[in-house]
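Structural features, examined
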Amino acid sequence: MSTSDRWTTPAHEALRASEGFRLADFDPTGKPGWDGKSKHADAHLAQQGVLLSGLQERLFAEGRSDGKRSVLLVLQGMDTSGKGGVVRHVVGMVDPQGVQLTAFGVPTEEERKHPYLWRIENALPQPGKLGVFDRSHYEDVLVVRVHKLVPPKVWGARYDEINEFEARVVASGTTIVKVALMVSSAEQKKRLRERLERPDKYWKYNPGDLDERLLWPKYAEAYQAVFDRTSTDVAPWFVVPADRKWYARLAVTELLTHAFKGLDLGWPPADFDVAAEMARLDAQQP
Ligand code: AMP
Ligand code: MG
């Protein structure tokens, strides 16, 4: 790895959706803040993974010792944007014991009997865990809005509801990292073609994905509204260009590592007399 591989602007600054963010001006092929070469990305990712994994182990240990804190990674993005790849290649670098992963699909019959946040609330990470949402409550203002599954008044009220919900979750000790993976329409077309060309990718293909593509402008509008209305100080959005998979994975790793660092994690102190236990152990047979 070269020493020139680095973040010139921290990912959490370069990617944050602040006031005035315009998706229409966003470049899905970009690599904001990153000055390194793609050929070194894997090595850098592995190195950062070691750091992330160490931090996550501290959080897990804290959870085992009465800690209440947790981290929640919310992943949103169109089909083929690389949500699954982030789960495999970024989240996959930490100890699976400490991970609580939930993928949200079309609500089940049981889920439809409850308010939309019910299944989300149930999946929130336990203390000490890294929760990961592959899709989330944001589908309830994205696919639901685009397909008019509920009246505008209903989805319109959800932005404030979501902000209140997330503020409550954060106040209870969960750090929320919201990541939107933004792939270009051209790159999505390429990735869908690959799914049709490769038998090992058929399982990822859904004929409905092509119908969704036709609604791209509507989704862009819905995503813009999400960034305008739910990128709050307690739970901001990070918009990650996803045309280069290596960059997206590097960026999410950096965002997660930053969130963990913010927790100022240490190792929980012993709740027993270390010297006395050592003496007892020494007194026992080899
Ligand atoms: P995938 O992530 O490819 O497994 O697809 C999951 C599908 O479930 C996507 O088409 C989502 O739009 C859809 N989905 C997720 N949440 C909801 C929701 N609340 N209402 C309707 N469809 C949803
Ligand atoms: Mg899909």
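Please refer to the structure placed before this passage.
Residues numbered from 1 in each chain as written. Chains lettered and ligands numbered in written order. Predicted model: local features only at pLDDT ≥ 70, side-chain atom pairs only at ≥ 80, totals over all residues. Heavy atoms only, no water.

Let us look at the sheet that holds strand β5 (residues 237–241). In spatial order, the strands read β2-β3-β1-β4-β5; together these five strands make up an open sheet with parallel pairing. Strand pairing shows two members of the sheet lacking a second neighbour, β2 (99–103) and β5, which therefore form its edges. The sheet shows a mean angle of 20° between the axes of neighbouring strands, taken without regard to direction. By the bridge criterion, five bridges tie strand β1 (residues 70–77) to strand β3 (residues 130–134) in an arrangement that is parallel. Paired with Val71 across the bridge in β3 is Leu130. (Pairing = 2+ DSSP bridges. Helix = DSSP H or I, 4+ residues; strand = E, 2+ residues; numbered from the N terminus. Axes fitted to C-alpha atoms, helices over the stretch in contact; angles between N-to-C directions.)

Moving on: empty space enclosed by the protein. The tally for this structure, following the rule as stated, stands at one cavity of 30 Å³ or more. For the largest cavity, the full set of lining residues is Ser81, Gly82, Gly85, Val86, Ala242, Lys245, Ala248 and Arg249. Secondary-structure elements contributing two or more residues to the lining of the largest cavity are α3 (83–89) and α11 (245–261). When residues in the lining of the largest cavity are grouped by element, the largest group, three residues, is from α11. Taken together, the residues that form the lining of the largest cavity break down as three nonpolar, three polar and two charged. (1 Å grid on protein atoms, 1.4 Å probe; cavity = no way out; pocket = protein on both sides within 12 Å on 5 of 7 lines; lining within 4 Å. Points joined across faces, edges and corners; volume = space filled by probe spheres on them. Nonpolar A, V, L, I, M, F, W, Y, C, P; charged D, E, K, R; others polar.)

Here the focus is helix α7 (residues 152–171). Along an α-helix, a turn takes 3.6 residues, which lines up residues three or four apart on a common side. Over its 20 residues, α7 extends 29 Å from the first C-alpha to the last, a length consistent with the 28 Å expected when each residue adds 1.5 Å. At Tyr159, α7 shows its largest bend, some 30°. Those residues of α7 not exposed but buried are Trp155, Arg158, Tyr159, Ile162, Asn163, Phe165, Glu166 and Val169. Next to the buried residues of α7 lie α5 (118–122), α6 (143–146), β4 (174–182) and α10 (216–230). Note on α7: the residue one or two positions beyond its end, Gly173, has a positive phi of about 110°. (Expected span 1.5 Å × (residues − 1). Bend = angle between axes of the 7 residues up to and from the residue. Buried < 20%, exposed > 50% of the residue type's maximum accessible area, 1.4 Å probe, protein only. Contact = heavy atoms within 4.5 Å.)

Every residue lining ligand 1 is accounted for by Asp79, Phe104, Gly105, Val106, Pro107, Arg119, Arg135, Glu139, Asp140, Val143 and Val144. In this structure, a nitrogen atom belonging to ligand 1 sits 3.2 Å away from a main-chain N or O atom of Gly105. The cavity where ligand 1 resides is the largest pocket. Of the residues belonging to the shell around ligand 1, the class tally is five nonpolar, one polar and five charged. (Near = heavy atom within 4 Å. Polar contact = N/O pair within 3.5 Å; in protein donor to acceptor, adjacent residues only side chain to side chain. Sits in = over half its atoms within 2 Å of the grid points.)

Right, let's get into the nonpolar core. Ranked by size, the top nonpolar core spans 39 residues in total, and within it Leu73, Leu130, Val177, Val179, Val240, Leu256 and Phe260 carry the most contacts. Listed by contribution, the elements that provide at least two residues to this core are α2 (41–64), β1, α3, β3, β4, β5 and α11. With ten residues, the single largest contributor to this core is α11. Not counting residues within four places of it along the chain, the set of residues in contact with Leu73 comprises Val91, Gly131, Val132, Phe133, Val177, Val179, Val252 and Leu256. Counting residues in hydrophobic clusters, the runner-up holds 35 residues, among them Phe26, Met78, Ile162 and Ile176. (Core = buried A, V, L, I, M, F, W, Y, C linked by side-chain atoms within 4.5 Å.)

In this section: the pattern of salt bridges. Enumeration according to the criterion identifies 18 salt bridges in this entry. Residue Asp233 is joined to Arg16 by a salt bridge in which the shortest nitrogen-to-oxygen separation is 3.2 Å. With a gap of 217 residues between them, Asp233 in the loop between α10 and β5 and Arg16 in the loop between α1 (11–14) and α2 connect regions that are remote in the sequence. On the basis of relative accessible area, Arg16 is assigned to the partly exposed category, the value being 32%. Note that Lys201 and Glu194 form a salt bridge whose closest N and O atoms lie 3.3 Å from each other. Given the relative accessible area of 14%, Lys201 is considered buried. Taking the relative accessible area as the measure of exposure, Glu194 reaches 29% and is therefore partly exposed. Each of the salt bridges in this network shares a partner with another, and the network as a whole consists of Asp79, Arg135 and Glu139. (Salt bridge = Lys/Arg side-chain N within 4 Å of Asp/Glu carboxyl O.)

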